Amino acid sequence: MTLKIKVKKLRLIFWLPTCFAGGIAINCARRELAKSGFTLKKSRKLERAVLRAIKKTKKQLGTFELVNVSTADGVKVIIKI
């Protein structure tokens, strides 16, 4: 997973392992389900399933952009998996 942040002349590029993308996905799902009144327990089995799904999608599609945002201030954020 690659995070690119561009603010005027400053460019920051971070590379993160795929496991962080899986953790982020599980935490987002847990938060959204909590709003609906459901609970999601984090487990190794769930983490492995999410990572397998991400890796399988990446093999089929190649790298893809998860987020590509530009603000009015000139800040640009791109997240690629």
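Please refer to the structure higher up on the page.
Everything in this summary refers to the structure shown in the same document. (Residues numbered from 1 in each chain as written. Predicted model: local features only at pLDDT ≥ 70, side-chain atom pairs only at ≥ 80, totals over all residues. Heavy atoms only, no water.)

**Some thoughts on the overall build of the protein**
And step 1. In terms of helices and strands, the protein carries two helices and four strands.
And step 2. Here the C-alpha atoms of the protein give a radius of gyration of 15 Å, more than 25% beyond the 12 Å that 2.2 N^0.38 yields for 81 residues.
And step 3. With respect to the three principal axes, the spread of C-alpha positions in the protein is 40 × 30 × 20 Å.
And step 4. Taken over 81 residues, the protein has a buried fraction of 12%.
And step 5. Contacts spanning at least 24 positions in sequence make up 37% of the contacts within the protein whose residues lie at least 6 apart.
And step 6. Here the protein displays about 6,600 Å² of accessible surface, and carbon together with sulfur accounts for 60% of that area. (Helix = DSSP H or I, 4+ residues; strand = E, 2+ residues; numbered from the N terminus. Rg over C-alpha atoms; globule rule 2.2 N^0.38 Å. Buried < 20%, exposed > 50% of the residue type's maximum accessible area, 1.4 Å probe, protein only. Contact = heavy atoms within 4.5 Å. Areas by Shrake-Rupley, 256 points an atom, 1.4 Å probe, with all protein chains shown as cover.)

**A word on the pattern of salt bridges**
And step 1. The full count for this structure, using the stated rule, is one salt bridge.
And step 2. Across the pair Glu32 and Lys35 runs a salt bridge whose closest N-O atoms are separated by 3.3 Å. One end of the pair is Glu32 and the other is Lys35, both in helix α1 (residues 18-36) and three residues apart, which spans about a single turn. (Salt bridge = Lys/Arg side-chain N within 4 Å of Asp/Glu carboxyl O.)

**A closer look at the nonpolar core**
And step 1. Judged by nonpolar contacts, Met1, Ala21, Ile26, Val50, Ile54, Ile79 and Ile81 together constitute the single largest core of seven residues.
And step 2. Secondary-structure elements contributing two or more residues to this core are α1 and α2 (44-61).
And step 3. Setting aside its immediate chain neighbours within four residues, Val50 contacts Gly22, Ala25 and Ile26. (Core = buried A, V, L, I, M, F, W, Y, C linked by side-chain atoms within 4.5 Å.)

**Observations regarding a nonpolar patch on the surface**
And step 1. A surface patch of nonpolar side chains, amounting to about 320 Å² of accessible area, comprises Val7, Leu10, Leu12 and Phe14.
And step 2. Ranked by residue count, the leading element in the nonpolar patch is strand β2 (residues 10-15), at three residues.
And step 3. Residue position: Val7 is located in strand β1 (residues 2-7). (Patch = residues over 30% accessible without salt bridge, like charges linked within 9 Å, V, L, I, M, F, W, Y side chains within 5 Å.)

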